[in-house]
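# Breakdown of the fold
Now for the letters of each chain:
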Amino acid sequence: MDEAAGSPAVSRRIAPQRASLRPWLLLMPLLVFLAAFFLVPLAQVAMMSVTEPEFGFGHYASIATDGFYLRVLADTFATALLVATCCLVLGFPLAYAMAAASPNMAAAMMIVVTMSFWTSFLVRTYAWMVLLGRSGPIAALLDWIGLPHGELLFTRFSSTIAMTHILLPYMVVSLYAVLRKIEPSLLRSAASLGASPTSVLRHVVLPLAAPGVVNGLTLVFVLCLGFYVTPILLGSPREQMVAGVIGQQIEEFLNFGEASALAVVLLASTLIVLGLYHRRFGLDKLWG
Amino acid sequence: MQNHKQGHLGRRAALALGGGVVTALAAPNVRRLRAAEVLFVNTWGGIWERAAIKNLFEPFTKDTGIEIRPVSPVSFAKLAQQVRSGAYEFDVTTLGGGEIIRANQAKIIEPLEGTDLAKSPPFPGAVFQNGATSHAFATVIAYQKARYPNGAPAGWADFWDQGKFPGSRCMQRYASRVLPLGLVADGVPTDTLYPMDIDRAFRSLDKIKPATRVWWTQGQQSQQLLRDGEIDMIALWHARVLELQDEGKPVEIVWNQAQIDRAYWVVAKGTPRRDAALRYIEAALKPERLAGFCRDAMLGPLNPAAFNHLSEAEAARMPTAPAYKGKVFEQDVLNFGGDVNAVTQRFERWIGA
């Protein structure tokens, strides 16, 4: 990072114009691609939200005053927050173990963590349906132990566990990136100075891991905002995510205007989260 | 205008090539020219697509030389979008009853007025709202055989009756299919359902809502729920139950009060391949082809003559079979009883409330 930041400063002295242009030329294909296939459609969505069926901000007004939309938006954010927290709680010990393990072991664990990416998203969702089902292994295990349980499937529990499973790798990778860099000698000196393992964790590891924690939380939170298939398939009927409502407005009602307005609201809220993150921590750190 | 220009260029190119080359390549060229005419048909994939290729597409290509390319997935929004953009991914698709009304309102399908199909329909009702009436599926009751050994549910009133048939329920998250079931369960005769009393339907649905653990949104999801025994009694498409029975799963199907959903072939408005598309939808209604398609895709033909090409055992798996007449009922999409979009919005909010 430091090297890359230093070189333009050096080369500016020699050939100020051409050297600063060169990286941009390399970026051109990507920038053109993004402009044509991402920015233009995005601008169209923003346009549609105020022009379909007629010009005005009516869609935004109805979203702001409609209890249903507000509840769905609040639900979406609450779900994303819950999933991000679960990912942190489950991901931290795993990332910590990976950082402490030998390089080969850590690589093997990383493969296991990312392996779920190789399976299609829908297959993973259906797998949870089988696992948590009435005649599935988890219910059988709970029955065998004698633990009373209600229905596991089609509850907030089942949808949260499935979304956590899908998003956990992002959290583990973010945490592993910072935990790996912690000097083992720091931990050793803390211990030799009489710190108990818990206070080493609290006063040394956690402060050093904080950037990774925030990265992971932000990443999972933002990705989760766009989820909707998993809650519809696995969650209780009451759970509705804003992305699902957007899809329905388009597929079922051909209501491009309202759907676009909702999409803009979702995008804006995501940008606000990222903006807050950027002001506090710097967006360039998001990928470790 | 554009066609004119292309024709001009084509002629010039042909002249430039010279007569000798043309003659030398004549035979393959003819084939290539014929194969160059292509029609893009939107399909549902899976067994539906295989059945369509075998029974509808291939015979059509053999008759006309027009090649058919299947395009998936089916999307109503895409149909609307391509009329707006003018770039056609598919020329022909199938629509359900509710969709065809909306498609006409949105003016996204070709009118059939004046076509051969409209002038001499092969059977009564073959043309409906600018669609070619083709086949149907049914929403039926299915249940775990072991769960209810002392008698089968006879219809939707039993589906609603949690005293007589305790256990979990599941229905499709689809207002215009579920609301009529609520009315039938509440005692409305199936022939006087429409126009629907929407408020009464919702009041009836309130009673089944607590037992409804999940509202299914995908066909395979509904099948999975029945296969795993997760749900005791479910309202789903008949083919999904037949498939499980063919696998030997202990599930039972109730044909009584099955709710029929018609499907219509339609032509995307403004497509440059309109003529081929019209020829295709006309050919797709031929009794023998339709019979084969419905047998393989587990649907019911709506051309009555198709049953002349089906055995009794095959017909027994089809909701439109003469044997089920009087037992099953149909939707009346022209006489819904309210604005479908508004009702669907209300239904979605009702589910989440």
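Residues numbered from 1 in each chain as written. Chains lettered and ligands numbered in written order. Predicted model: local features only at pLDDT ≥ 70, side-chain atom pairs only at ≥ 80, totals over all residues.

Per an unreviewed UniProt entry, the recorded name for chain B is ABC transporter substrate-binding protein, and the organism is Teichococcus aerophilus.

Looking only at helices and strands, one finds 13 helices and 0 strands in chain A. Put simply, chain A runs from its N terminus to its C terminus through helices and strands in the order α-α-α-α-α-α-α-α-α-α-α-α-α. Overall, chain A is about 75 × 70 × 35 Å in size when its C-alpha atoms are taken along their principal axes. Residues classed as buried in chain A amount to 28% of the 288 residues present. When contacts within chain A are restricted to residue pairs at least 6 apart in sequence, long-range pairs at least 24 apart make up 74% of them. (Helix = DSSP H or I, 4+ residues; strand = E, 2+ residues; numbered from the N terminus. Buried ≥ 20, exposed ≤ 12 C-beta atoms within 10 Å, placed from the backbone. Contact = placed C-beta atoms within 7 Å.)

Turning next to the overall build of chain B. A count of helices and strands for chain B gives 16 helices and 11 strands. Across chain B, every contact between residues at least 6 apart in sequence was considered, and the portion connecting residues at least 24 apart equals 71%.

Glancing now at the domain arrangement of chain B. Residue and element names in this part refer to chain B. Under the domain assignment used here, chain B contains domain 1 (2-135 + 263-315) and domain 2 (136-261 + 321-352). The interface of domain 1 with domain 2 comprises 12 residues on the first partner and 12 residues on the second. Ranked by the residues each element gives to the side of domain 1 that touches domain 2, the list is headed by helix α6 (residues 97-105), at 3 residues. For the side of domain 1 that touches domain 2, the residue count by class is 7 nonpolar, 5 polar and no charged. (Domains from an automatic or database assignment. Nonpolar A, V, L, I, M, F, W, Y, C, P; charged D, E, K, R; others polar.)

Moving on, we come to the packing of helix α6 (residues 121-132) of chain A against helix α8 (residues 156-179) of chain A. Residue and element names in this part refer to chain A. For the pair α6 and α8, the least separation of the axes is 10 Å and the interaxial angle reads 140°. Compared by their axis directions, α6 and α8 come out oblique. Where α6 crosses over α8, the handedness of that crossing is right-handed. For the pair formed by α6 and α8, the contact residues are F121, R124, T125, W128 and L132 on the first element and S158, I161, A162, H165 and I166 on the second. A class-by-class count of the residues in the contact of α6 with α8 yields 6 nonpolar, 3 polar and 1 charged. (Axes fitted to C-alpha atoms, helices over the stretch in contact; angles between N-to-C directions. Parallel < 35°, antiparallel > 145°, perpendicular 65-115°, else oblique. Left-handed = near helix turned anticlockwise from the far one by under 90°.)

A few words on the confidence of the model for chain B. All names here are of chain B. On average, residues of chain B carry a pLDDT of 90, and 90% of them reach 70 or more. Taken together, the stretch residues 1-33 has pLDDT below 50 and engages in 2 contacts with residues farther than four places along the chain or on a different chain. With pTM at 0.80, the complex prediction returns an ipTM value of 0.75. (pLDDT = per-residue confidence, 0-100.)

This part is about the nonpolar core. Generally speaking, nonpolar side chains in soluble globular proteins are found buried as a group. In this structure, L167, V220 and C224 of chain A are the most contacted members of the largest nonpolar core, which totals 151 residues. In terms of residues, this core owes the most to one element, α8 of chain A, which gives 14 residues. Formed jointly, this core draws a minimum of three residues from each of two domains, domain 1 (2-135 + 263-315) and domain 2 (136-261 + 321-352) of chain B. The residues touching V220 of chain A, leaving out its near neighbours within four places in the chain, are V83, A84, C87, L167, Y170 and M171 of chain A. (Core = buried A, V, L, I, M, F, W, Y, C linked by C-beta atoms within 7 Å.)

Turning to the interface of chain B and chain A, a few remarks are in order. Each side of the interface is counted separately: chain B has 19 residues, and chain A has 21 residues. Of all elements in the fold, only α5 (76-85), β7 (212-216), α11 (219-227) and α16 (340-352) of chain B reach the threshold of two or more residues within the side of chain B that touches chain A. With 6 residues, α16 of chain B is the largest single contributor of residues to the side of chain B that touches chain A.

Take the pairing of strand β3 (residues 92-96) of chain B next. All names here are of chain B. Counting buried positions along β3 yields 5 of 5 residues, so the element is predominantly enclosed. Where burial is concerned, the two faces of β3 agree: the one with V92, T94 and G96 and the one with T93 and L95 are both buried. Pairing between β3 and strand β9 (residues 251-267): 5 bridges, direction antiparallel. For G96, the partnering residue across the bridge sits in β9 and is A263. (Pairing = 2+ DSSP bridges.)

For the bond running from S72 of chain B to P73 of chain B, omega is -10°, close enough to zero to count as cis. Here P73 of chain B lies in the loop between β2 (67-71) and α5. Following Y194 of chain B, the chain continues to P195 of chain B via a peptide bond in cis, the omega torsion being -5°. Among the structural elements, P195 of chain B can be located in the loop between α9 (175-185) and α10 (198-208). Phi is positive for F154 of chain A, close to 60°, though the residue is something other than glycine. Backbone geometry at N130 of chain B places phi at a positive 65°, although glycine is not the residue there. By the C-beta count within 10 Å, which is 21 here, N130 of chain B ends up buried.

What follows is about the environment of I111 of chain A. Residues and elements named next belong to chain A. As for its position among the elements, I111 is in helix α5 (residues 103-115). A residue is classified by how many C-beta atoms lie within 10 Å of it, and I111, with 10 of them, is exposed. Sequence-wise, I111 and R280 are 169 residues apart; in three dimensions their C-alpha atoms are separated by 32 Å.

Right, let's talk about the confidence of the model for chain A for a bit. Residues and elements named next belong to chain A. Per-residue confidence for chain A averages 86 on the pLDDT scale, and 91% of its residues sit at or above 70. The element-level mean pLDDT for chain A is lowest in helix α1 (residues 2-14), coming to 43, with helix α4 (residues 67-100) highest at 94. Every residue in residues 1-14 is under pLDDT 50, and counting partners more than four places away or in other chains gives 6 contacts.

Structurally, F57 of chain A is set in the loop between α2 (16-51) and α3 (58-65). Separated by 204 residues in sequence, F57 of chain A and A261 of chain A have C-alpha atoms that sit 8.9 Å apart.

Below, the discussion takes up helix α7 (residues 137-145) of chain A. Counting buried positions along α7 of chain A gives 0 out of 9 residues, so the element sits mostly on the surface. G146 of chain A sits one or two positions beyond α7 of chain A and adopts a positive phi of about 90°.

A word on the pairing of β9 of chain B. Across a regular strand the side chains alternate sides, sitting on one face of the sheet and then on the other. Residue and element names in this part refer to chain B. Of all 17 residues that make up β9, 12 are buried, and the element is covered over most of its length. As judged from the 11 bridges shared by strand β5 (residues 131-144) and β9, these two strands associate in the antiparallel manner. Of the residues in β9, the one forming a bridge with H135 is A263. Pairing geometry for β9 and strand β11 (residues 329-330), over 2 bridges, is parallel. Within β11, the residue paired with Q259 across the bridge is F329.

Residue and element names in this part refer to chain B. The contact between helix α4 (residues 46-64) and helix α14 (residues 287-297) brings their axes to 8 Å, and the two run at 165°. In terms of axis orientation, α4 runs roughly antiparallel to α14. The interaxial crossing formed by α4 with α14 has right-handed handedness. Along the contact surface, α4 presents I47, W48, R50, A51, A52, K54, N55, L56 and P59, while α14 presents R289, G292, F293, D296 and A297. Here the contact of α4 with α14 is composed, by residue class, of 8 nonpolar, 2 polar and 4 charged.

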